[in-house]
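Report on the structure
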Amino acid sequence: MADDADASASHAKPCYAELVAGRTYLWCACGRSRAQPFCDGSHRGTTFRPLPYTAKADEEVLFCACKETRTPPFCDGAHNNLFATYKQDDPDSPANRAIPSISAGRDGKARLDGGCTVCSIDDASLETRGVIRHRRIIGAEDGALHQSLFYLECSRGSSPAASFDDRHVVLFATGGQGRIVIGERAFPIGANTGMHVRPGEGFRLESNGNEPLKVFAAACPRADAISWHDMPASRFDDRFPQRTVTLDPAARQRMGDRFFQMLVDKTIGSNVVAQFIGDIPQSKATPHRHLYEESLIVLSGEGWMWTESRKAPVRAGDVIFLPRKQVHSLECTAPAGMLVVGVIYPGDNPSINY
Ligand code: FES
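None of these values were measured; they are calculated from a predicted model. (Residues numbered from 1 in each chain as written. Predicted model: local features only at pLDDT ≥ 70, side-chain atom pairs only at ≥ 80, totals over all residues. Heavy atoms only, no water.)

**Notes on the packing of aromatic side chains**
The tally for this structure, following the rule as stated, stands at 8 aromatic pairs. Between Tyr25 and Phe38, the ring centres sit 6.0 Å apart and the planes meet at 35 degrees, which makes this aromatic pair tilted. One end of the pair, Tyr25, is in strand S2 (residues 24–27); the other, Phe38, is in the loop between S2 and strand S3 (51–54), and 13 residues separate them in sequence. By relative accessible area, Tyr25 is classed as buried at 13%. Since its relative accessible area comes to 26%, Phe38 is described here as partly exposed. Consider the rings of Tyr53 and Phe74, whose centres lie 4.9 Å apart with planes at 85 degrees: the pair is edge-to-face. (Phe/Tyr/Trp six-rings, centres within 6.5 Å; stacked < 30°, edge-to-face > 60°. Helix = DSSP H or I, 4+ residues; strand = E, 2+ residues; numbered from the N terminus. Buried < 20%, exposed > 50% of the residue type's maximum accessible area, 1.4 Å probe, protein only.)

Set out below in structure tokens:
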């Protein structure tokens, strides 16, 4: 493993490329090419050969530049583990000190560059439906193209039936206890449970604790509103029997000096959207971006969300929305670290950044 000084090496992140449908690209496998990520013939005399890739459509991709990927020619996030620490940035550098702090507007949202948003949930903004209080947190008004995020708070009892029609719904409980009922199957849930409701299915929440059951629901693709129904939908896709995931220290994956655990992902049949919980030490990540759209719920800790020319404070309970390709950096200022739960869509690997 290299030391931290090496972490600034230019090969420590993937190469973004826009590919043309039907065209074949030769990915450099040896690392010698000066035309990275493409082959320039420098492998001659070695046992390496370039890897051809033919674009199936006009597509945006991230080619691996570190040559450590297990999914060549594309990045799989392995570059994050080439160094002892995740790449970091100095929040007190002269450039960063010049970046102003933005306050939330009347809607509780602080708007940073490119549609990056930090949102605090205001109790007074919740609508009531039976034992449920709810509201949309992230949607088209924030520039979200692919996902929307809703907050649902369920008092003791059973909620009306809800659905997001033909979308994937990825949920996370931040407090309370009870059950989620999908079709006619019931699953026990409590704080820190991830849940997956498949396209065409509906769900109900049942709260049986003294505290309200607090749940965030991400609809993918984006939905403007929850569909409420008098009758619960009976559909349950039993090809995918596992619908809840809880925290498991043995399932944690390392990413530099950070850790994350996949919750809802392809291991339970969610192939196009993924949910994870991440553990961030006191630090400021180097500014980076993703090809997926991301929503983050801050579960504990505090810090700052940074974009190119703005920053906003974040604390436990806040929600962060990150558009595709928007440069950003999340800083944790709490000595005990920060816990976040995120949903990425479209995507399946939250460690792929560039
Ligand atoms: S650049 Fe090689 S795995 Fe990401």
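**Structural notes on the sheet that holds strand S28 (residues 329–332)**
The 4 strands are arranged S23-S28-S25-S26 in an open sheet whose pairing can be described as antiparallel. Two strands close off the open sheet at either side, each with one partner strand: strand S23 (283–284) and strand S26 (311–315). (Pairing = 2+ DSSP bridges.)

**Comments concerning the pattern of salt bridges**
The full count for this structure, using the stated rule, is 19 salt bridges. Among the ionic pairs, Glu60 bridges to Lys325, the shortest N-O distance being 2.2 Å. In this pair, Glu60 is assigned in strand S4 (residues 59–63) and Lys325 in the loop between strand S27 (319–322) and S28, connecting sequence segments 265 residues apart. A residue is classified by how much of its surface remains accessible, and Lys325, at 30% relative accessible area, is partly exposed. Connected through shared salt-bridge partners, Asp107, Lys109, Arg111, Arg136, Glu141 and Asp142 make up one network. (Salt bridge = Lys/Arg side-chain N within 4 Å of Asp/Glu carboxyl O.)

**A look at the domain arrangement of the chain**
By domain assignment, the chain separates into domain 1 (4–81), domain 2 (94–106 + 247–345) and domain 3 (122–245). Computed from C-alpha atoms alone, the centre-to-centre distance between domain 1 and domain 3 is 40 Å. (Domains from an automatic or database assignment.)

**Comments concerning the nonpolar core**
With 26 residues, the main nonpolar core has Val118, Met305, Ile320, Leu330 and Met338 as its most contacted residues. Apart from residues lying up to four places away in sequence, Val118 is in contact with Gly108, Lys109, Ala110, Leu112, Met305, Ala312, Pro313, Val314, Asp318, Val319 and Ile320. Among the nonpolar cores identified, the runner-up in size contains 25 residues, and Ile132, Ala173, Ile189 and Leu205 belong to it. (Core = buried A, V, L, I, M, F, W, Y, C linked by side-chain atoms within 4.5 Å. Contact = heavy atoms within 4.5 Å.)

**Points about the sheet that holds strand S15 (residues 193–197)**
In spatial order, the strands read S7-S8-S9-S17-S12-S15-S19; together these 7 strands make up an open sheet with antiparallel pairing. On the outer flanks of this sheet lie strand S7 (127–129) and strand S19 (244–245), each paired with one strand and no other. Judged from the 7 bridges that link them, strand S9 (residues 148–154) and strand S17 (residues 213–220) form a sheet pairing that is antiparallel. From the neighbouring strand, Cys154 faces S17, where its bridge partner is Leu213.

**Points about the environment of Pro221**
Examined against the element boundaries, Pro221 turns out to sit in the loop between S17 and strand S18 (227–229). Assessed through its relative accessible area of 39%, Pro221 is described here as partly exposed. Once residues within four sequence positions are removed from consideration, Pro221 is found in contact with His146, Arg167 and Tyr345.

**What to know about the pairing of strand S21 (residues 258–262)**
The buried fraction of S21 is high, at 4 of 5 residues. Two strands pair when backbone bridges link them, and strand S20 (residues 253–255) and S21 are joined in this way by 3 bridges, in the antiparallel orientation. Its bridge partner being in S21, Arg254 is matched across the sheet by Phe259. The antiparallel pairing of S20 with S21 creates a hairpin that spans 2 residues between the two strands, and Gly256 there sits at a positive phi of about 65 degrees. Examined bridge by bridge, S21 and strand S22 (residues 274–280) share 4 bridges and lie antiparallel to one another. Across the sheet, the residue bridging to Phe260 is Gly278, located in S22.

**Here's the deal with the state of the cysteines**
Under the counting rule described, the total for this entry stands at 0 disulfides. Summary of cysteine pairing: Cys220 is not part of a disulfide, and the nearest cysteine sulfur, belonging to Cys119, is at 17 Å. Residue classification places Cys220 among the buried positions, given a relative accessible area of 0%. (Disulfide = S-S within 2.5 Å.)

**Let's talk about the confidence of the model for the chain**
In the predicted model, the chain carries a mean pLDDT of 94, and the fraction of residues at 70 or more is 97%. Every residue in residues 1–10 is under pLDDT 50, and counting partners more than four places away or in other chains gives 16 contacts. (pLDDT = per-residue confidence, 0-100.)

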